[in-house]
Amino acid sequence: MDTNPALLEIAERLFYEHGYMATNMDTLARAARMSSRTLYKHAGSKAALVGEVLAARERRFFEQVDGLDVRALFDALAGWIGREGARGCLFLRILGETGGAEPAIVAAVLAHKARLRRHVARIVKADLGRADEVLAERIVLLFEGAVAASAWQGAAAIEAACGAALDLVAAARAA
């Protein structure tokens, strides 16, 4: 596929602001200032375009949170939300809108969440000096909850989730 970065940026913004189902290819074409025919030539299909959008978003996200400790993970999330907005996880929103009917979207979401889980597991191992899968899963849930709750609570949700995660890490160290 020959999708240019400007088109991916426009598509991501529209999907994030209006939702996947509410953003049709004609809307995307108008926003990108191209004909529908040109859009289909570059993007292939709406599902293919959203797959590329999610891949690009994932790359940007992990550039922000790579190689951090638990505190820095949540600080990076606060920075991400500050830049990108607090409308929840685009991956989960699109999955919810499509109801799991698009295999490529399901695969992208599952891969993204698995990568997040592995990343948090590495952070936990670095913080504790040992693996703790239960702790990693709890921190992922706190992280995901902070993403969702930041839509109505703002930075306070991220700070509360971070505090809970740090408490869990301290308890695991003491155990």
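- Under the annotation held in an unreviewed UniProt entry, the chain carries the name TetR family transcriptional regulator and is attributed to Massilia aurea.

**Side note on the side chain of Glu58**
For step 1, the next point in the chain: Its location among the elements puts Glu58 in helix 4 (residues 46-65).
For step 2, the next point in the chain: The class of Glu58 is buried, set by a relative accessible area of 16%.
For step 3, the next point in the chain: If we ignore the near neighbours within four places in the chain, the residues touching Glu58 are Phe91, Ala111, His112 and Arg115.

**Brief notes about helix 4**
For step 1, the next point in the chain: Compared with an ideal rise of 1.5 Å per residue, which puts 20 residues at 28 Å, helix 4 spans 28 Å between its outermost C-alpha atoms and is within 8% of the ideal.
For step 2, the next point in the chain: Those residues of helix 4 that sit buried are Lys46, Ala47, Leu49, Val50, Val53, Leu54, Ala56, Arg57, Glu58, Phe61, Phe62 and Val65.
For step 3, the next point in the chain: Directly after helix 4, the chain includes Gly67, whose backbone phi takes a positive value near 70°.

**Thoughts on helix 5 (residues 70-84)**
For step 1, the next point in the chain: For helix 5, which comprises 15 residues, the first-to-last C-alpha distance of 21 Å matches the rise-based estimate of 21 Å (1.5 Å per residue) to within 8%.
For step 2, the next point in the chain: Tucked inside the fold, the buried residues of helix 5 contact helix 4, helix 7 (103-128), helix 8 (133-153) and helix 9 (155-174).
For step 3, the next point in the chain: For helix 5, the N-terminal capping position is held by Asp69, with its side-chain oxygen 3.3 Å away from the main-chain nitrogen of Arg71.
For step 4, the next point in the chain: Gly85 occupies a position one or two residues after helix 5 and carries a positive phi of about 110°.

**Some remarks on the nonpolar core**
For step 1, the next point in the chain: Ranked by size, the top nonpolar core spans 55 residues in total, and within it Phe74 and Ile139 carry the most contacts.
For step 2, the next point in the chain: Aside from chain neighbours lying at most four places away, what touches Ile139 is Val70, Leu73, Phe74, Val120, Val124, Ala165 and Val169.

**Some remarks on empty space enclosed by the protein**
For step 1, the next point in the chain: According to the stated counting rule, one finds one cavity of 30 Å³ or more in the structure shown.
For step 2, the next point in the chain: Every residue lining the largest cavity is counted, 16 residues in all, and those nearest its centre are Phe61, Trp80, Cys89, His112 and Val147.
For step 3, the next point in the chain: When contributions to the lining of the largest cavity are tallied by element, the ones reaching two or more residues are helix 4, helix 5, helix 6 (90-98), helix 7 and helix 8.
For step 4, the next point in the chain: Of the residues belonging to the lining of the largest cavity, the class tally is ten nonpolar, three polar and three charged.

**As for the packing of helix 4 against helix 6**
For step 1, the next point in the chain: Relative to each other, helix 4 and helix 6 sit at 160°, their axes nearing to 11 Å. Classified by the angle their axes make, helix 4 and helix 6 are roughly antiparallel. Relative to helix 6, the crossing made by helix 4 is left-handed. In contact with Val50, Val53, Leu54, Arg57 and Glu58 of helix 4, helix 6 contributes Leu90, Phe91 and Ile94.
For step 2, the next point in the chain: Of the residues that constitute the contact of helix 4 with helix 6, the class distribution is six nonpolar, no polar and two charged.

The rules behind each value
Residues numbered from 1 in each chain as written. Predicted model: local features only at pLDDT ≥ 70, side-chain atom pairs only at ≥ 80, totals over all residues. Heavy atoms only, no water. Helix = DSSP H or I, 4+ residues; strand = E, 2+ residues; numbered from the N terminus. Buried < 20%, exposed > 50% of the residue type's maximum accessible area, 1.4 Å probe, protein only. Contact = heavy atoms within 4.5 Å. Expected span 1.5 Å × (residues − 1). Polar contact = N/O pair within 3.5 Å; in protein donor to acceptor, adjacent residues only side chain to side chain. Core = buried A, V, L, I, M, F, W, Y, C linked by side-chain atoms within 4.5 Å. 1 Å grid on protein atoms, 1.4 Å probe; cavity = no way out; pocket = protein on both sides within 12 Å on 5 of 7 lines; lining within 4 Å. Points joined across faces, edges and corners; volume = space filled by probe spheres on them. Nonpolar A, V, L, I, M, F, W, Y, C, P; charged D, E, K, R; others polar. Axes fitted to C-alpha atoms, helices over the stretch in contact; angles between N-to-C directions. Parallel < 35°, antiparallel > 145°, perpendicular 65-115°, else oblique. Left-handed = near helix turned anticlockwise from the far one by under 90°.

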